[in-house]
Amino acid sequence: MQILITMQTMDYNHREIEKKWQKYWKDNKTFHVDIDHDKPKFYVLDMFPYPSGAGLHVGHPLGYIASDIFSRYKRHLGFNVLHPMGYDAYGLPAEQYAIQTGTHPAVTTEKNIKRYRQQLDQIGFSYDWDREVQTCDPKYYKWTQWTFIQLFKSWYNKKSNNAESIDALIKTFEREGNRNIEAAASQEEVFTADDWKQMDEKQQQEILMHYRLAYLSDTMVNWCPELGTVLANDEVKDGFSERGGHPVERKRMKQWSLRISAYAQRLLDGLEKIDWFDSLKEVQRNWIGRSEGASVMFSIDGFDETIEVFTTRPDTLWGATFMVLAPEHELLEKITGKDQKEKVEKYIHWAKNRSERDRISEVNKITGEFTGAYGINPVNGEAIPIWVADYVLSGYGTGAIMAVPAHDSRDFKFAMHFDIPIIQVVKQENEEISDPRTWEDSYDARDGLMINSGFITGKAVEEGIKATIEWLEEKELGEGKVNYRLRDAIFSRQRYWGEPFPIYYKEGMPYPLDESELPLELPDVDKYLPTESGEPPLARAKDWQTKEGYPLETNTMPGFAGSSGYYLRYMDPQNDRAYFSKEANTYWKDVDLYLGGDEHGTGHLIYARFWNMFLYDLGLVCEEEPFKKLINQGKIQGRSNFVYRVEGRNQFVSKGLRKEYNTTPLHVDIKLVENDVLDVEAFRQWRPEFADAEFILEDGKYICGWEVEKMSKSKHNVQNPDELIEKYGADTFRCYEMFLGPLETHKPWDTQGIEGVYRFMKKLWRLYHDKENNFLVSEDKPNKDELKVLHNTIKKVRNDIERYSFNTVVSNYMICVNELTDLKCNKRAILEPLTVLLSPYASHMAEELWSLLGHEGSISEVEFPEHNEEFIRENTFAYPVSFNGKMRFKIELPLDVSKDDAEKAVLGDERSEKYMGGKQAKRFIFVPKKIINIVL
RNA sequence: GCGGAUGUGGCGGAACUGGUAGACGCGCUAGACUUAGGAUCUAGUGCCUUCGGGCGUGGGGGUUCGACUCCCUUCAUCCGCACCA
């Protein structure tokens, strides 16, 4: 023990230093921020975590460290930095655990949050914890509920492109009906003011429901029986739930939805003014899925109804030889002929009961039935058969299409399969016309000339599209239209652990609670399961009704509800009269830098933008886009190790020799391996079955194989930050996570490399200390070399942080410390600025050194050093001299050397003779301060 | 199928607007100090080489005095979306 203590005090003692400064920061509220109009604001945000039971692994803090470094850096530059943290506390795992064990999810969540906080604190983050939010806290979700009520009370006016109040809409209805209203609405039946006044309240409420931005409707939902709830589109992957991987079915249910589709165009346009990765913007563009085309009305032979279709290729109308309706299409029942009824009903039944998985896996299976009805092609009056087939989706467009087999590959396959005529209407410029039935596939491209197409024959495709739309609009048979793939967000979950809706029911119609009754707190229940009759868990709550006795909504809100506006609440987290004050919002405005994983590209990041835009329309927030700059940090992958078991034996062969045996690779815990060398004794003790394992070694060692994989328990490659921080300290850990590689790329975690960074830390410490670890800094004037090292480093570090190149900053620190060590420099004039320079990364050590240097208070607000070009400037430059582009030697020349003098010097240099080979230089390339190239 | 990203030593990666490819670190080799070293320090380390030099940034082609960087083409890996009319 005595020896250990001596050893520790001999050198850099991260344990003591880090504990000391973490306490200091906490006691002094060093990172507490308030509005300060004398300073410019800067808002750095991390995507807040769901506190899972497993705690943090090495991959989680990567983004937090980067954002912390940036926050600290900005603080040094004099910004008032808002850098908060909180928890996305509602979530399925705690609820699943509650179902299994009866433990209230709040208990589990609280426990996990404590653990998260402890782990986060160890890393030394500069969060303002006074601003912490938890989405499951009634003080927080009061405002989630409040926003829902605002959505309920709003509609989207397409004329003003704004969310507006339902009360005002009602006034308009009373005055003039809805004929002049252009709304993003689910139904567009026209009524007059008189009609409106004739309706009873229920009817009026039903009409209004079609306009509300939060509305209740019968929708096809992704139902997950295992989880007992519906899921949003982005929560479903390949027909399985994203969380848990359970199968998902389509089901018709009454659900709350948010009319996010009203904002599709603005969500698309907004991408232009924000600084995000193009790849992420592209993901959002795809998700919004804008396509331009036309809606065309087809009348039905023998019926009054019409079928509306959406097409991006109205030019190919003359090639439409049949129509297809989705199995869910409402007209099917009406138009199906007597003779076809049985078959069509059977088909619809089959299609509706087909699981999502089957649909996906059997994409190439061609199925469908003829309905017996005919649609009339508006351009030429021809009757074309109407089919039903599930390759047409009810959720997109109108759920009905015109099929142009010659120019759409799905229609082509369908027509070939069912022997429906195919008419070519577009040809390539020099194409010989052939029978489409002999083609391998349709011709889908948007270029070529129109043929067989009435008045557009001979036109190019794009012109044909334009002309057809004009014609359709003139005849009132259709119109140009933009369609979006983005669907309204289903907002109900049949779950317990979520925000209750501030909604009660009167005569079956939903009404919002009065705002004074918020928050509507989550009630206790006896079990976290649905009721026997299939009602959501909240139906089990006693007295789940208003004071007046009206029943309350039993669904709860989805995970993305609480996370859609949390960045706003951080601006003014204690406010109990408003979501946030006007003052706070006009000061903090928006997030300047947002860091998080790219898995939120189509979920959270779309919902949050929508949420923000809505509040912007209400005039509550001052910026339309909430996240000015966004960086997706890459995932840290695991590096797994393998041992090779000889088949049928308890014998393991080292990697290099495994080819000589028949082996099976087994994951081995990375804790038992160092440098890919297995600790065979530890391995024997790892598991009873390996107790008498035998080993075939190479060079006396057992070498393991390795592979980069996802970090997971089952692969035994999880690296937990706690152990690393205990061993190397938070500063080393912070630097190493950054040193690993560029922030945005995925990279494997290498257990070894951290040693190198730790060595750097100790070397840095030693700059300020003598051999006995006594603090020793000289007051001598720095020399030129020392100043050059310092100022070069300042320049590079600033430049690299500014461009988010967090990894190269660490390299620059290392170079600087290596050079100062070589120069044996321990001068205050150099080390003091260096300490500040290091502070964003090695924050604890910087504080300690700063106080050892004799300063009071925290280093965190000390001005960041600026480089002085004078100290960097050189009088000469060592020009690399190339011959035909190959660098051969260097020549020192004055900085202001002229081209002629340079040429003389180079050609006069004896080293040149060899490379000239007696030839004349054809050209002499001279780029000042870059390079000299001689072309022979 | 569509879209996106990535490809540089044994490994992680540097090279910011075309200008010395391989910074920095790991690992490895040799040496020093040491009872010892998984501590520390020093030197070396892209590949090939007849020691002159040659070859090198996934492959092929192009632009250029000069290409990891720009253009075309091709391959590989990873990640999204996926019957979207």
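Predicted model only: the values in this text are computed from it and were never measured. (Residues numbered from 1 in each chain as written. Chains lettered and ligands numbered in written order. Predicted model: local features only at pLDDT ≥ 70, side-chain atom pairs only at ≥ 80, totals over all residues. Heavy atoms only, no water.)

### What to know about the protein's contact with RNA strand B
Rules: When at least one non-hydrogen atom of a residue lies within 4 Å of a molecule or strand, that residue is treated as near it. Any N or O atom pair separated by 3.5 Å or less is treated as a polar contact, with the protein-specific requirement of one donor-capable and one acceptor-capable atom, and with residues adjacent in sequence counted only for side-chain atom pairs. In this text, helices come from DSSP runs of H or I with a minimum length of four residues, and strands from runs of E with a minimum of two, each type numbered from the N-terminal end. Put simply, Ala, Val, Leu, Ile, Met, Phe, Trp, Tyr, Cys and Pro go in the nonpolar bin, Asp, Glu, Lys and Arg in the charged bin, and everything else, Gly too, in the polar bin.
Around RNA strand B, the structure places 49 residues, and the nearest of them are Thr312, Arg410, Arg485, Leu740 and Arg759. Threonine 312 places a main-chain nitrogen or oxygen 2.4 Å from a sugar or linking oxygen of RNA strand B. Contact distances for RNA strand B include 3.4 Å between a base nitrogen and a side-chain N or O atom of serine 811. Listed by contribution, the elements that provide at least two residues to the surface near RNA strand B are helix 11 (278–288), strand 11 (306–311), helix 24 (754–767), helix 26 (806–822), strand 33 (886–894), strand 34 (923–927) and strand 35 (931–935). Among the elements that line the surface near RNA strand B, the one with the most residues is helix 26, at six residues. For the surface near RNA strand B, the residue count by class is 19 nonpolar, 14 polar and 16 charged.

### Re the side chain of histidine 329
Keep this limit in mind: Whether two residues touch is decided by their heavy atoms; if any such pair falls within 4.5 Å, the residues are in contact.
If you trace the backbone, histidine 329 turns up in the loop between strand 12 (322–325) and helix 12 (332–335). Among the polar contacts made by the side chain of histidine 329, one reaches the main-chain amide nitrogen of leucine 331 at a distance of 3.2 Å. Dropping the residues within four chain positions of it, histidine 329 is found in contact with Thr398, Gly399 and Ala400.

### Overview of the domain arrangement of chain A
Rule in force here: As annotated, the domain borders come from an automatic or database domain assignment.
Each assigned domain of chain A is listed here: domain 1 (291–483), domain 2 (636–718), domain 3 (725–866) and domain 4 (874–935). Its C-alpha centre places domain 1 at a distance of 59 Å from the equivalent point of domain 2.

### Digging into helix 22 (residues 721–728)
Which entries qualify depends on this criterion: Using a 1.4 Å probe on the protein chains alone, a residue whose accessible area is under 20% of its type maximum counts as buried, one over 50% counts as exposed, and one in between counts as partly exposed. In this description, the arc belongs to the directions extending from the helix axis to the C-beta atoms.
Every buried residue belonging to helix 22 is among Pro721, Asp722, Leu724, Ile725 and Tyr728, and all of these are buried. All buried residues of helix 22 project into a common sector of 165° when viewed along the axis, lining one side. The secondary structure elements touched by the buried residues of helix 22 are helix 2 (14–28), helix 5 (105–123), helix 23 (730–739) and helix 24. One side-chain oxygen at the N-terminal end of helix 22 lies 2.7 Å from the backbone nitrogen of aspartate 722; it belongs to asparagine 720. Once helix 22 finishes, glycine 729 follows within two positions and takes phi at roughly 95°, a positive value.

### A look at the sheet that holds strand 2 (residues 80–82)
How we decide: Strand pairing requires that DSSP identify at least two bridges connecting the strands. What counts as an axis is a line fitted to C-alpha atoms, over the stretch in contact for a helix, and the angles between N-to-C directions run from 0 to 180 degrees.
Strand order in the open sheet formed by four strands is 2-1-22-23, and the pairing between neighbours is parallel. The two strands at the open ends of the sheet, each matched to only one other strand, are strand 2 and strand 23 (630–632). Averaged over all adjacent pairs, the angle separating strand axes in this sheet is 15°, with direction ignored. Two elements, strand 22 (residues 593–596) and strand 23, share three bridges in a ladder whose sense is parallel. Counted as the bridge partner of leucine 595 is isoleucine 631 from strand 23.

### A few points about the nonpolar core
Our working definition: To define a nonpolar core, start from buried Ala, Val, Leu, Ile, Met, Phe, Trp, Tyr and Cys residues and group those joined through side-chain atoms within 4.5 Å.
Counting residues in hydrophobic clusters, the biggest one holds 174 residues, and the most contacted among them are Tyr263, Phe491, Leu834 and Tyr841. Looking at which element gives the most residues to this core, the answer is helix 20 (residues 604–617), with nine residues. Excluding residues that lie within four positions of it along the chain, tyrosine 263 makes contacts with Tyr156, Ala163, Leu213, Phe610, Met613, Phe614 and Asp617. The next biggest cluster of nonpolar side chains, apart from the first, holds 53 residues, and it includes Ala389, Met402, Phe412 and Phe414.

### Considering the pairing of strand 21 (residues 509–512)
Judged by which residues are buried, strand 21 turns out to be covered on both faces: Met509 and Tyr511 on one side and Pro510 and Pro512 on the other are all buried. Bridge count between strand 20 (residues 503–506) and strand 21: four bridges; the pairing is antiparallel. Bridge assignment links isoleucine 503 to a residue of strand 21, and that residue is proline 512. The loop that links strand 20 with its antiparallel partner strand 21 comprises two residues; one of these, glutamate 507, has a positive phi angle of about 50°.

### Quick notes on the packing of helix 24 against helix 28 (residues 843–852)
Defined as follows: In these notes the angle categories are as follows: under 35 degrees is roughly parallel, over 145 is roughly antiparallel, 65 to 115 is roughly perpendicular, and the rest is oblique.
Their axes nearest at 12 Å, the elements helix 24 and helix 28 cross at an angle of 10°. Here helix 24 lies roughly parallel to helix 28, going by the angle between them. Along the contact surface, helix 24 presents Met761, Leu764 and Trp765, while helix 28 presents Met845, Glu848, Leu849 and Leu852. Of the residues belonging to the contact of helix 24 with helix 28, the class tally is six nonpolar, no polar and one charged.

### Topic: the environment of arginine 493
By the secondary structure assignment, arginine 493 is in the loop between strand 19 (489–490) and strand 20. On the basis of relative accessibility, which here comes to 5%, the residue arginine 493 falls in the buried class. Linking arginine 493 and threonine 229, residues 264 residues apart in sequence, is a C-alpha distance of 5.6 Å. Here the side chain of arginine 493 touches isoleucine 490 through a polar contact of 3.2 Å, landing on its backbone oxygen.

### Comments concerning the packing of helix 5 against helix 22
Using the following cut-off: The sense of a crossing depends on the near helix, which, turned anticlockwise from the far helix by less than a right angle, makes the crossing left-handed and, turned clockwise, makes it right-handed.
At a closest axis distance of 10 Å, the pairing of helix 5 and helix 22 adopts a crossing angle of 30°. Once helix 5 is placed against helix 22, the crossing between them reads as left-handed. On the side of helix 5, the interface is formed by Arg115, Gln119, Gln122 and Ile123, while helix 22 contributes Pro721, Asp722 and Ile725. Across the contact of helix 5 with helix 22, the residue classes break down as three nonpolar, two polar and two charged.

### Re the side chain of serine 295
With respect to the helices and strands, serine 295 occurs in strand 10 (residues 291–300). At 3.3 Å, the side chain of serine 295 forms a polar contact with the side chain of glutamate 308. When sequence neighbours within four positions are dropped, the list of residues in contact with serine 295 reads Glu308, Val309, Phe310, Leu477, Gly478, Glu479 and Lys481.

### Section: empty space enclosed by the protein
How we decide: Points on a 1 Å grid over protein atoms alone make up a cavity when a 1.4 Å probe fits among them but cannot get out, and a pocket when they form an open set with protein on both sides within 12 Å along at least five of seven lines; lining residues each have an atom within 4 Å of a point. Grid points are joined across faces, edges and corners, and a volume is the space filled by probe spheres set on the points.
Applying the stated rule across the entire model yields two cavities of 30 Å³ or more. In this structure, the largest cavity spans a volume of roughly 50 Å³. Looking at the largest cavity, the residues that line it are Asn178, Gln187, Glu188, Glu189, Phe191, Ile207, His210 and Tyr211. Per-class residue counts for the lining of the largest cavity are three nonpolar, three polar and two charged. Counted as a void, the second largest cavity has a volume near 40 Å³. Lining the second largest cavity are Tyr567, Leu568, Met571, Asn585, Lys589, Asp590, Asn612, Val621, Glu623, Glu625 and Pro626. Partitioning the lining of the second largest cavity into residue classes produces five nonpolar, two polar and four charged.

### Re the environment of leucine 615
Examined against the element boundaries, leucine 615 turns out to sit in helix 20. Along the backbone, leucine 615 and alanine 163 are 452 residues apart, and their C-alpha atoms lie at a distance of 8.8 Å. Apart from residues no more than four positions distant in its own chain, leucine 615 is found in contact with Trp146, Thr147, Leu568, Tyr579, Leu620 and Val621.

### Things to note about the packing of aromatic side chains
Threshold: Any Phe, Tyr or Trp ring, taking Trp's six-membered ring, that has another such ring centre within 6.5 Å forms a pair; planes under 30 degrees apart are called stacked, those over 60 apart edge-to-face, and the others tilted. Charge-over-ring contacts are defined here by two conditions on Lys NZ or Arg CZ: a distance within 6 Å of the ring centre and an angle within 35 degrees of the ring normal.
Across all of its chains, the model carries 68 aromatic pairs by this definition. Taken together, a centroid distance of 5.8 Å and an interplanar angle of 75° make the contact between phenylalanine 695 and tyrosine 702 edge-to-face. Aromatic ring contacts, followed pair by pair, group Phe42, Phe70, Tyr73, Phe79, Tyr804, Phe806 and Phe864 into a single cluster. Of note, arginine 117 hangs over the ring of tryptophan 129, and the distance from its end group to the ring centre comes to 3.9 Å. Arginine 212 extends its terminal NZ or CZ atom over the ring of phenylalanine 152, reaching a point 3.8 Å from the ring centre.

### Description of a negative patch on the surface
Selection rule: Patch criteria: residues need more than 30% relative accessible area and no salt bridge. Like-charged residues are merged within 9 Å; nonpolar side chains of Val, Leu, Ile, Met, Phe, Trp and Tyr are merged within 5 Å. Note on areas: Shrake-Rupley with a 1.4 Å probe; residue coverage comes only from the protein chains shown. Note on definitions: salt bridges are taken to be side-chain nitrogens of Lys or Arg within 4 Å of carboxyl oxygens of Asp or Glu. For the charge count, each Lys or Arg is scored as positive and each Asp or Glu as negative, with His and the chain ends excluded. We put the charge of a Lys on NZ, of an Arg on CZ, of an Asp on CG and of a Glu on CD.
On the surface, a cluster of negative charge is made up of Asp200, Glu201, Glu206 and Glu507. Take glutamate 201: it is sitting in helix 9 (residues 201–209). Glutamate 201 gets classed as partly exposed once you look at its relative accessible area, which sits at 41%.

### Thoughts on the pattern of salt bridges
Tallying each qualifying case throughout the model produces 44 salt bridges. Between aspartate 68 and arginine 734 there is a salt bridge, and its shortest N-O distance comes to 2.9 Å. In this pair, aspartate 68 is assigned in helix 3 (residues 61–76) and arginine 734 in helix 23, connecting sequence segments 666 residues apart. Across the pair, arginine 734 and aspartate 68 agree in class, each one buried.

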